[in-house]
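Residues per chain, in single letters:
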Amino acid sequence: MRRVGVFICHCGTNIAATVDCQKVAEAAKSFPGVVFSMDYKYMCSDPGQAVIKEAIKTHNLNRVVVASCTPRMHEPTFRKTLAGAGMNPYLFEMTNLREQCSWVHSDKEKATEKAIDLVKMSVAKVQKNRELFPDYIPINKKALVIGGGIAGMQAALDIADAGYKVTLVEREPTIGGKMPMLDKTFPTMDCSACISTPKMVDVAQHPNIELMSFSEVQEVNGFIGNFDVKIKKKAKYVDYSKCTGCGLCETKCPKKVPNEYDLGMGVRPSIYKPFAQAVPSKPIIDAKNCRKLVNGKCGVCAKVCPTGAVNYEDRDEIISDTFGAIVMATGYDLFKWEGAYGEYGYGKFPDVITGLQFERMVNASGPTGGKIIRPSDGEEPKTVAFIKCVGSRDPLKGKITCSRACCMYTAKHAHQVLDKISESKAYVFYMDVRTVGKGYEEFYENTLHDKAVYVRGRVSKIYQEGKKLILKAEDTLSCKAIQVKADLVVLATAMVPSAGSRELAQIVGFLPDLNGWYQEAHPKLRPVETPTGGVFLAGTCQGPKDIPDSVAQAGAAAAKVMGLFSNEQLETNPMTAKVNETICSGCGTCAPLCPYKAIQLIDVQERVHGKFVERKVAHVNNGLCQGCGACTVACRPGAIDLQGYQNDQILEEVDALWAW
Amino acid sequence: MGVVENNWEPKILAFCCNWCSYSGADLAGLNRMQYPENIRILRVPCSARVNPQYVLRAFMRGADGVLVAGCHPGDCHYSTGNYYTRRRFLLMQLFLEYNGVDPQRFQARWISGAEAGKFKTTVTKLCEEIKASGPNRKLRDAK
Ligand SMILES: Cc1cc2nc3c(=O)[nH]c(=O)nc-3n(C[C@H](O)[C@H](O)[C@H](O)COP(=O)(O)OP(=O)(O)OC[C@H]3O[C@@H](n4cnc5c(N)ncnc54)[C@H](O)[C@@H]3O)c2cc1C
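Residues numbered from 1 in each chain as written. Chains lettered and ligands numbered in written order. Predicted model: local features only at pLDDT ≥ 70, side-chain atom pairs only at ≥ 80, totals over all residues. Heavy atoms only, no water.

1. Observations concerning the overall build of chain B
Stage number 1. For chain B, the helix and strand inventory stands at four helices and four strands.
Stage number 2. Element order for chain B, N to C, with α for helix and β for strand: β-α-β-α-β-α-β-α.
Stage number 3. Compactness check: chain B gives a C-alpha radius of gyration of 15 Å against a globular reference of 15 Å for 143 residues, within 12% of the reference.
Stage number 4. Considered along the principal axes of its C-alpha atoms, chain B spans approximately 45 × 35 × 20 Å.
Stage number 5. Here chain B, with 143 residues, has 57% of them falling under the buried criterion.
Stage number 6. Sequence-distant contacts in chain B: of pairs separated by 6 or more residues, those separated by 24 or more amount to 83%.
Stage number 7. Summed over all atoms, the accessible surface of chain B reaches about 6,000 Å², with 55% contributed by carbon and sulfur.
Stage number 8. In chain B, 20 positive and 12 negative side-chain charges are present, and the distance between their average locations comes to 5 Å. (Helix = DSSP H or I, 4+ residues; strand = E, 2+ residues; numbered from the N terminus. Rg over C-alpha atoms; globule rule 2.2 N^0.38 Å. Buried < 20%, exposed > 50% of the residue type's maximum accessible area, 1.4 Å probe, protein only. Contact = heavy atoms within 4.5 Å. Areas by Shrake-Rupley, 256 points an atom, 1.4 Å probe, with all protein chains shown as cover. Lys, Arg positive; Asp, Glu negative; His and termini not counted. Charge placed at Lys NZ, Arg CZ, Asp CG, Glu CD.)

2. Quick look at the pairing of strand β2 (residues 39-44) of chain B
Stage number 1. Counting buried positions along β2 of chain B gives six out of six residues, so the element sits mostly inside the fold.
Stage number 2. Side chains Ile39, Ile41 and Arg43 of chain B of β2 of chain B all project onto a buried face; the interleaved residues Arg40, Leu42 and Val44 of chain B project onto the opposite face, where all are buried too.

3. Regarding the packing of aromatic side chains
Stage number 1. This structure, assessed with the given rule, holds 16 aromatic pairs over all chains.
Stage number 2. Taken together, a centroid distance of 6.2 Å and an interplanar angle of 50 degrees make the contact between Phe31 of chain A and Trp660 of chain A tilted. Of the two residues, Phe31 of chain A sits in the loop between α1 (21-28) and β2 (34-40) while Trp660 of chain A sits in the segment after α18 (647-659), which places them 629 residues apart along the sequence.
Stage number 3. The buried category is assigned to Phe31 of chain A, whose relative accessible area is 8%.
Stage number 4. Residues Tyr35 of chain B and Phe119 of chain B carry aromatic rings whose centres are separated by 5.5 Å and whose planes lie at 70 degrees to one another, so their mutual orientation is edge-to-face. (Phe/Tyr/Trp six-rings, centres within 6.5 Å; stacked < 30°, edge-to-face > 60°.)

4. Section: helix α1 (residues 21-30) of chain B
Residue and element names in this part refer to chain B.
Stage number 1. Most of α1 sits inside the fold, with eight of its ten residues counted as buried.
Stage number 2. Among all positions of α1, only Ser21, Tyr22, Ser23, Gly24, Ala25, Asp26, Ala28 and Gly29 are buried.
Stage number 3. Note on α1: the residue one or two positions beyond its end, Arg32, has a positive phi of about 55 degrees.

5. Quick look at the sheet that holds strand β3 (residues 65-70) of chain B
Residue and element names in this part refer to chain B.
Stage number 1. Read across the open sheet, the four strands follow the order β2-β1-β3-β4; overall the sheet is parallel. The open sheet terminates on both sides in strands that have one partner only, identified here as β2 and β4 (106-110). Put simply, the sheet's adjacent strands are angled 20 degrees from each other on average, direction ignored.
Stage number 2. The pairing of strand β1 (residues 12-17) with β2 spans six bridges and is parallel. (Pairing = 2+ DSSP bridges. Axes fitted to C-alpha atoms, helices over the stretch in contact; angles between N-to-C directions.)

6. Thoughts on the domain arrangement of chain A
Stage number 1. We note that the domain assignment places domain 1 (4-126), domain 2 (142-234 + 316-331 + 500-565), domain 3 (248-304), domain 4 (335-496) and domain 5 (577-643) within chain A.
Stage number 2. Distance from the C-alpha centre of domain 1 of chain A to the C-alpha centre of domain 3 of chain A: 74 Å. (Domains from an automatic or database assignment.)

7. Quick notes on the nonpolar core
Stage number 1. Residues Phe7 of chain A together with Phe15 of chain B are the most contacted members of the largest nonpolar core, which totals 141 residues.
Stage number 2. Beyond its immediate sequence surroundings of up to four residues, Phe7 of chain A is in contact with Phe36, Met38, Met43, Val51, Ile52, Ala55, Leu61, Val64, Val65, Val66 and Ala67 of chain A.
Stage number 3. Formed by 32 residues, the second largest nonpolar core is a distinct cluster that contains Ile421, Phe443, Ala492 and Trp517 of chain A. (Core = buried A, V, L, I, M, F, W, Y, C linked by side-chain atoms within 4.5 Å.)

8. Considering unusual backbone geometry
Stage number 1. The residue after Phe186 of chain A, namely Pro187 of chain A, is reached through a cis peptide bond having omega -5 degrees.
Stage number 2. Positionally, Pro187 of chain A belongs in the loop between β8 (184-185) and β9 (190-191).
Stage number 3. Even without glycine at this site, Arg32 of chain B takes up a positive phi of about 55 degrees.
Stage number 4. Tracing the chain through its elements places Arg32 of chain B in the loop between α1 and β2.
Stage number 5. Its relative accessible area of 40% is what places Arg32 of chain B among the partly exposed residues.

9. A word on helix α6 (residues 150-161) of chain A
Note: α-helices contain 3.6 residues per turn, so residues at a spacing of three or four share the same orientation.
All names here are of chain A.
Stage number 1. Over its twelve residues, α6 extends 16 Å from the first C-alpha to the last, a length consistent with the 16 Å expected when each residue adds 1.5 Å.
Stage number 2. α6 sits mainly inside the fold: ten of its twelve residues count as buried.
Stage number 3. Looking at α6, one finds that the buried residues are Ile150, Ala151, Gly152, Met153, Gln154, Ala155, Ala156, Leu157, Ile159 and Ala160.
Stage number 4. Along its buried surface, α6 packs onto β6 (142-146), β7 (165-169), α7 (192-205), β10 (209-212), β18 (325-328) and α15 (547-565).
Stage number 5. At the exit of α6 stands Gly163, carrying a positive phi of roughly 100 degrees. (Expected span 1.5 Å × (residues − 1).)

10. Things to note about the environment of Arg57 of chain B
Stage number 1. You can see Arg57 of chain B is positioned in helix α2 (residues 52-61).
Stage number 2. Sequence separation between Arg57 of chain B and Gly74 of chain B is 17 residues; the distance between their C-alpha atoms is 29 Å.
Stage number 3. A polar atom in the side chain of Arg57 of chain B sits 2.7 Å from the side chain of Asp655 of chain A. (Polar contact = N/O pair within 3.5 Å; in protein donor to acceptor, adjacent residues only side chain to side chain.)

11. Things to note about the sheet that holds β7 of chain A
Backbone-to-backbone hydrogen bonds join strands into a sheet, with any given pair of strands oriented parallel or antiparallel.
Residue and element names in this part refer to chain A.
Stage number 1. Spatial ordering of the open sheet is given by β10-β7-β6-β18-β29, a layout of five strands whose pairing is parallel. The outermost strands of the open sheet, each flanked by one partner alone, are β10 and β29 (535-537). Going across the sheet, the axis of each strand differs from the next one's by a mean of 20 degrees, ignoring polarity.
Stage number 2. Of the pairings in the sheet, the one linking β6 to β7 comprises five bridges and is parallel in character. Residue Val145 lies in a different strand from β7, and its bridge partner there is Leu168.

12. Digging into the interface of chain A and chain B
Stage number 1. Of the residues lining the interface, 49 residues belong to chain A; the matching set on chain B comes to 46 residues.
Stage number 2. Surface buried jointly by chain A and chain B totals about 4,200 Å² across both partners, of which 55% is contributed by carbon and sulfur atoms.
Stage number 3. Taken together, the links from chain A to chain B amount to eight salt bridges.
Stage number 4. Close ionic contact of Asp117 of chain A with Arg40 of chain B constitutes a salt bridge, the shortest N to O distance being 2.7 Å.
Stage number 5. Linking chain A with chain B are 25 residue pairs in polar contact (both at pLDDT 80 or more).
Stage number 6. Counting only elements with at least two residues in the side of chain A that touches chain B, the list comes to α3 (71-84), α4 (98-102), α5 (108-127), α16 (590-593), α17 (630-634), β34 (640-642) and α18 of chain A.
Stage number 7. The dominant element in the side of chain A that touches chain B, judged by the number of residues it contributes, is α18 of chain A, at nine residues. (Buried area = accessible area lost by both parts, 1.4 Å probe. Salt bridge = Lys/Arg side-chain N within 4 Å of Asp/Glu carboxyl O.)

Encoded structure:
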């Protein structure tokens, strides 16, 4: 027997001024199942709640409807009231009489009529409410950070400083990402390595951080609080417990190959650290190029190693661990312009380089020792042309997105050319100049004062004439075709999601956005969370940004992790999807619809004619399900229902409006 | 179409998603925006929770119009729910038309939690349109 109690709130005069609350309470008495109904000045006040508790006892209520303000305001309050009276808090419905009735209407008669209808709907629904119970899941207070650029390092340090364990997984032999590759950073022009390498050392030395370099995440199962993760430690061929990082092996290795860290502008040995201040400060063997590993001949490094750390038999190793939260910080790559921009020579002119190559060149520890040169002949260029938006804001050849850092780093590069090379000229071809950060506009103004020539227009063609590169463009401000003879051309290539980031998102269990960047749960209100509980975002993996923004976002992601870890256990929302296994046909239509990967097909055994048979049915993981209900509508046999918003509840509401 | 009773007022059911449209409606209230009383809001977690069956049931019971309102495409709280809604809505309109119901009686709209004004104008306009079309008699249960 349903015994429904209905409580109509006046909210002072907020509701009572336009809705005849007494009349509504009176009308409710005739609704099916209602055994008690009353109106009261402030239902949410302490005495108001006491009235509800009292009525639950005296009238033996087993369902409660409160008609007052929006449930987005006081639903939790009244659920607690029910719990306080010993009832299951989900045997409750709330009618929105204030925001969606009294405040938006003025005709008292019509508003009252509508209020009666709204209460009717709630009474109808509450009849079908079932007791619901949250699950409690323990939280494993250890965080996994994927990607060791400035964003990943910052997030790891912040979480570790709060006293929680962190594992930082970086796929390259060193952490640091792009930042230590840069020379100086806008807008302050402080030395990039000087501010990033100490952070790298902090990460390596932090007692709460386990650094796993040259490693990749292979598999993620589970959910918020309890992610089971498999990490592949790629073979380094150097035993880090023995290696002291003395570097002798590197100097003796006979096989030199182009250095990735310098973007092919210098060489490195086959046993190598990417750069002098790499962290960990120990080498790996590049198995593709090592003579010993390729054809068995050589072995010099093992011979010279004073501690016997070189191990040619090393193999990849899979490590399993459990984490409570995951921070994605996989950064960005640069757009491969060579395949797309024929007008800039498809990469066949050696003196057309990228912004990052320029950074390595002006960097004192880079391949040229800080000298800006033409890669073709090593001469100092006098005229340098910069082209912005190569692959950015160009949906035809590249990406529709703005890469956000290029306007600023190109202003920086132009300034560096004018500063370092006497009597030099710098031309900057641009679409717009976007200087949104603090101190950025001033920085750009300074570059203009340095006499950099800004030309608004895209370069339509580059060709070689003798030693010069000729750039043809239109100055769209004066509407004139112009031509610039340059010695060096620097392209500001677009930021794109880092290689493999889509696959990694799939492994972790969320979807990237249309452009491949990691999608935040809400663009304004949940900018560092993914839609998947317990997975957070830091840095450029979420979208192009500069270092200050990457660091700020990393701190925010760390704060979210700390907030999560400050709880012992997590109460799950019981309003999740539930499968009726008897009806489920195991077709699997629901599984790919779920944005949270919460549905899996599992095997169940059942007895049919005395024999055990196995069949597949859908199973919802309560830790992952967020209760959207998308699966329920797609279910052909109607086997999945959403608890708290069940089909029979909603249909009852609809029926009540017309059939009661 | 039969004779419309003198002071007939349509009754319109609006399924609003909790995160955008329902809170947009709440904001309209906070701002004391006025709109017709004909609308009855039914809260669902996501517009993708709206089973076409509910829409059909509403028309069968006598709803004069049905609105499904969700977050803007791309802004869904559950990331992709409203894309399903969009497709289901188009199919449902065809289905209603096939059954002789004016498909304009069934509408889907994207209203964010900030768009109180859009909520008000949407329901006001819908009420006017439904009023002009008269009561729904097509699918109504025989009584
Ligand atoms: C030419 C140039 C100049 C710039 N100059 C400036 C400047 O002066 N000032 C400024 O503020 N910004 C500048 N920027 C922007 C700056 O580089 C970025 O904002 C910053 O480096 C972003 O840091 P991040 O940690 O997000 O990404 P990244 O630095 O890209 O780091 C990502 C890390 O994740 C690792 N990783 C990727 N995938 C995986 C995986 N699957 N598993 C494990 N690890 C993975 C990568 O190896 C890398 O170490 C410049 C950018 C360019 C291109």
